[in-house]
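What follows is the residue order along each chain.
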Amino acid sequence: MLSVHGRKPAAVVVEPVATALLKAGLTPNWTTLGGTALTVLVAVVLIPTDHLVLAAILSGLFAAFDMVDGTMARLRGGGTAFGATLDASCDRITDGALFGAIVFWLVYVDQASPAHVAVCLAVLVLSQVISYVKARAEAGGIKIVGGLVERPERLLIALVALGLEGFGVPYAIECGLWLLFFGSIYTVAQRLVIAAKDPASKRQIAAPAGAKTFGSR
């Protein structure tokens, strides 16, 4: 939802930053890679060592590069197919690093119950599935816009939970993970329903090269 409705308010801050980076000679792709490297580094170093408040603040700051690089591409006249592929791939990497680090924290720092660890692993998988459903549908000509828990909501809930836990609020991370778990399941189902109802969903696609069809020998 935030990815649809939050871009215009964020543009007030993002566009000046994007303009400054372009003037400094940075490209959207290098900005994507830099933001990804910093986000992963923060997650895998600070979360397992229990520096949760700092991890939440820095992760939120570096995650903002996800909006900056796209704005940079637009200001340059439009992005490229490779740039979009790189951006989506880096998003999956940072999501994996964040929730993988939270799993580490749950097991080795918090000594959480196996149920909470399993939920975090499920959220990690579901975060990839939510994005994959959209990407695969759009590759087949099906348009999917929005969803209950997209990447901005996922990051917001996870980082707020990290920050609250760091400030001493008990079970903040566990509550955030369970919220993401149920919201993510709903979002996967929601996107599959949207795809099924799209007029393009009934269009047949060609079989892979070399695949046998019914009745062939």
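So, how was this worked out
- Residues numbered from 1 in each chain as written.
- Predicted model: local features only at pLDDT ≥ 70, side-chain atom pairs only at ≥ 80, totals over all residues.
- Heavy atoms only, no water.
- Helix = DSSP H or I, 4+ residues; strand = E, 2+ residues; numbered from the N terminus.
- Buried < 20%, exposed > 50% of the residue type's maximum accessible area, 1.4 Å probe, protein only.
- Axes fitted to C-alpha atoms, helices over the stretch in contact; angles between N-to-C directions.
- Parallel < 35°, antiparallel > 145°, perpendicular 65-115°, else oblique.
- Left-handed = near helix turned anticlockwise from the far one by under 90°.
- Contact = heavy atoms within 4.5 Å.
- Nonpolar A, V, L, I, M, F, W, Y, C, P; charged D, E, K, R; others polar.
- pLDDT = per-residue confidence, 0-100.
- UniProt positions renumbered as here; feature names shortened; annotations may be inferred.
- Core = buried A, V, L, I, M, F, W, Y, C linked by side-chain atoms within 4.5 Å.
- Polar contact = N/O pair within 3.5 Å; in protein donor to acceptor, adjacent residues only side chain to side chain.

Quick look at unusual backbone geometry
With the exception of glycine, the majority of residues adopt a negative phi angle, and the majority of peptide bonds are in the trans configuration. At Asp50, a residue that is not glycine, the phi angle is positive and equals roughly 70 degrees. Position of Asp50 relative to the elements: it lies in the loop between helix H3 (28-46) and helix H4 (52-63). What makes Asp50 partly exposed here is its relative accessible area of 42%. Although it is not a glycine, Gln111 sits at a positive phi angle of roughly 50 degrees. Residue position: Gln111 is located in the loop between helix H6 (81-108) and helix H7 (114-139).

Notes on the packing of helix H8 (residues 151-166) against helix H9 (residues 172-197)
Viewed as axis vectors pointing N to C, H8 and H9 meet at an angle of 165 degrees, and their least axial separation amounts to 7 Å. Classified by the interaxial angle, the pair formed by H8 and H9 is roughly antiparallel. Handedness of the crossing formed by H8 with H9: right-handed. Facing Arg154, Ile157, Ala158, Ala161, Leu162, Leu164 and Glu165 of H8, the residues of H9 in contact are Ala172, Ile173, Glu174, Gly176, Leu179 and Leu180. In terms of residue class, the contact of H8 with H9 is made up of nine nonpolar, one polar and three charged.

With respect to the confidence of the model for the protein
For the protein, mean pLDDT is 90; residues scoring 70 or higher make up 93% of the total. Per-element averaging of pLDDT across the protein places helix H1 (residues 2-5) at the bottom with 51 and H9 at the top with 97.

Notes on the environment of Val123
Tracing the sequence through the fold places Val123 in helix H7. The exposure class of Val123 is buried, given its relative accessible area of 0%. As for Val123 and Gly96, which are separated by 27 residues in sequence, their C-alpha atoms are 9.8 Å apart.

A short note on the UniProt feature "transmembrane region" (unreviewed entry) in the protein
Feature annotation in UniProt assigns "transmembrane region" (unreviewed entry) to the following positions: residues 115-133, 154-171 and 177-194. Taken as a whole, residues 115-133 contains 100% helix and 0% strand, while its terminal C-alpha atoms sit 26 Å from one another. Structurally, residues 177-194 comprises 100% helix and 0% strand, and the distance from its first C-alpha atom to its last is 25 Å.

Structural notes on the nonpolar core
Across soluble globular proteins, nonpolar side chains have a tendency to be buried as a group. Counting 34 residues, the largest nonpolar core has Ile47, Leu98, Phe99, Ile102, Leu106 and Leu162 as its most contacted members. Looking at this core, the elements that each hand over two or more residues are H3, H4, H6, H7, H8 and H9. With eight residues, H6 is the largest single contributor of residues to this core. Val133, Ala137, Ile142 and Ile144 belong to the second-largest nonpolar core, a separate cluster that totals six residues.

Comments concerning the environment of Ser127
Summarising the element assignment, Ser127 is placed in helix H7. Between the C-alpha atom of Ser127 and that of Phe181, which follows or precedes it by 54 residues, the distance is 9.4 Å. In this view, Ser127 contacts Asp95 and Arg154; residues no more than four positions away in its chain are not counted. At a separation of 2.6 Å, a polar atom in the side chain of Ser127 contacts the main-chain carbonyl oxygen of Leu124.

Looking at the side chain of Ser131
Its place among the elements puts Ser131 in helix H7. At a separation of 3.4 Å, a polar atom in the side chain of Ser131 contacts the main-chain carbonyl oxygen of Ser127. Discounting residues that sit within four places of it in the chain, Ser131 has contacts with Arg92, Arg154 and Arg191.

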